[in-house]
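Each chain, written out:
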Amino acid sequence: MDLLNLSIKELTTYLKSGEISVKEATETALTKIEKTEPKIKAFIHLHKDEAMKRAEELDKKKEKRGALFGIPIAIKDNMNLKDTETTAGSKILQGYISPYNATVVEKLKNEGAVIIGKTNMDEFAMGSSTENSAFFNTHNPVNTEYVPGGSSGGSAAAVKSNEVIAALGSDTGGSIREPAAFCGVVGLKPTYGRVSRYGLIAFASSLDQIGPFAKNVEDSAIMLNVITGFDNHDETSVQKNNQDFTHLLGKEIKGKKIGIIKEASNFDIQEEVKDSLQASIDVLKDMGAEVVEISLPHLKYALPTYYIVAPAEASANLSRFDGVRYGLVKEGKNLKETYEKTRTAGFGTEVKRRILIGTFTLSAGYYDAYYLKASRIRRLIEQDFEKAFEKIDALLLPTTARTAFKLGEISNPLEMYMNDIFTIPVSLAGLPAISIPYGNDRKGLPIGMQIVGKWFKEDELLQIASALENGGKNE
Ligand code: GLN
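The model shown is predicted, which means the values in this text are computed figures rather than measured ones.

Engineer: Looking at this model, I keep getting lost on unusual backbone geometry. Mind explaining?
Structural biologist: Excluding glycine, residues mostly carry a negative phi; peptide bonds, for their part, are mostly trans. A cis amide bond links G150 with the next residue in sequence, S151, at an omega value of 5°. The topology assignment puts S151 in the loop between β3 (114-119) and α5 (153-160). In this model, K41 sits at a positive phi of 55°, which is unusual for a non-glycine residue. K41 sits in the partly exposed class, given a relative accessible area of 33%.

In structure tokens form, the structure reads like this:
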């Protein structure tokens, strides 16, 4: 039996009963990683010794074996893990050792997870291919000439290549869903406020949300059960009753209203992605769902809106990296020169571009023309969704218009931004969404279908996703 082929649900059954020891599971993951990493390069840091030590401790634990007992898990390198280096894929944070655990890390640990290491990412989560990492590129496990997507490309690749059973990523405009689609795994972005951001290195605080990568929908629900919950360390964390997100899985979806977007045909979508969309519509209909066309008139403004809002917030968030408080220091003759030298050496091109744009759009003379206007359009986009959700239970659209591209293939930043046209509108509205693998293109690259749920209705979203996942199995 290949342990790493198992789902969380399957593997925890063996681990909790003691049939497989946590040590064995951890060693199996580490051996796999040793073999796979030279080709995939999903990890920035591996914590082999800590993982083995933790495994031995867990094996001794006889009571309260949690929901992730002994499960090898990877986390994106923008989440603080106490006493380890956290770089967010940037040179400017090299040498920064986290003094505390992010809330999600605490939660994983409380449920018995074994954290194997921290995964590669676009610098400060800005990008769609992981090529903006300051360190190295990650390769798509399906075909190593292709990008794994981004910015959580390392986490998606680690799950796809069976180096770990599940992983955490963060999604600001698509960074969980897009790499999940490119690599052929399940990626879930919860409703904004559902999961604490405490200890996540901020990119755009009104959009950032942590979520899981997993092999299937059920495992995503199990992961969400663990990481969710109100946290008074995060002012935007929302108080909600704890619920079991697996409770609707397997229930029939007859009568559910699934929306498809009228305006989607205005976008240039790869033929095979269109075919997959049609196939998933047919499967949902066969299961008794009703497909309803809805309109999102402001959809076309989502990308420009995001590229005002996100850089504005990023420029403020990233001002803390100044050569005084964290990581890299390039000392100058005076304080100003230290700032300049550190930030010049520490930040990559895309991050600098966003800081410049953000500083400009927030400046006194331009604030009304850009940031304020973008915030208003953001509200209109949100209202489009509000209206649509009066008529439907969930929305179905492709995660990306095209499948993965080759490493080095896209050098124009605007072209790179286009990868997120279908994920960004959802982020601007703070809605929950999941990407599930749904077929492949002619080259064998995975296609992802995105399902968007109502605010805080992850249980229903997962129900529909799981129906589609299982309904599509016989195709
Ligand atoms: N690709 C988008 C960007 O570069 C989204 C990134 C993300 O979700 N973190 O901003």
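Engineer: Is there a simple way to explain the side chain of H45 in this structure?
Structural biologist: Of note, H45 is situated in strand β1 (residues 43-46). One polar contact links the side chain of H45 to the main-chain carbonyl oxygen of E85, over a distance of 3.3 Å. Not counting the four nearest positions on each side in its chain, H45 is found in contact with D77, E85, T87, G117 and K118.

Engineer: I'm lost on the packing of aromatic side chains in this one. Help?
Structural biologist: Aromatic ring pairs are defined here through the distance separating the ring centres and the angle between the ring planes. Summed over all chains, the structure comprises 14 aromatic pairs. With a centroid separation of 5.4 Å and an interplanar angle of 75°, the aromatic rings of F267 and F422 are classed as edge-to-face. Pair noted here: F267 is in the loop between β7 (257-261) and α8 (271-286) and F422 is in the loop between α13 (413-417) and α14 (424-428), with a separation of 155 residues, a long-range link. Here F267 matches F422 in class, with each residue buried. Taking 6.2 Å as the distance between ring centres and 45° as the angle between the ring planes, the aromatic pair formed by Y366 and Y370 counts as tilted. Y366 sits in the partly exposed class, given a relative accessible area of 39%. For Y370, a relative accessible area of 34% puts it in the partly exposed group.

About the thresholds
Residues numbered from 1 in each chain as written. Predicted model: local features only at pLDDT ≥ 70, side-chain atom pairs only at ≥ 80, totals over all residues. Heavy atoms only, no water. Helix = DSSP H or I, 4+ residues; strand = E, 2+ residues; numbered from the N terminus. Buried < 20%, exposed > 50% of the residue type's maximum accessible area, 1.4 Å probe, protein only. Polar contact = N/O pair within 3.5 Å; in protein donor to acceptor, adjacent residues only side chain to side chain. Contact = heavy atoms within 4.5 Å. Phe/Tyr/Trp six-rings, centres within 6.5 Å; stacked < 30°, edge-to-face > 60°.

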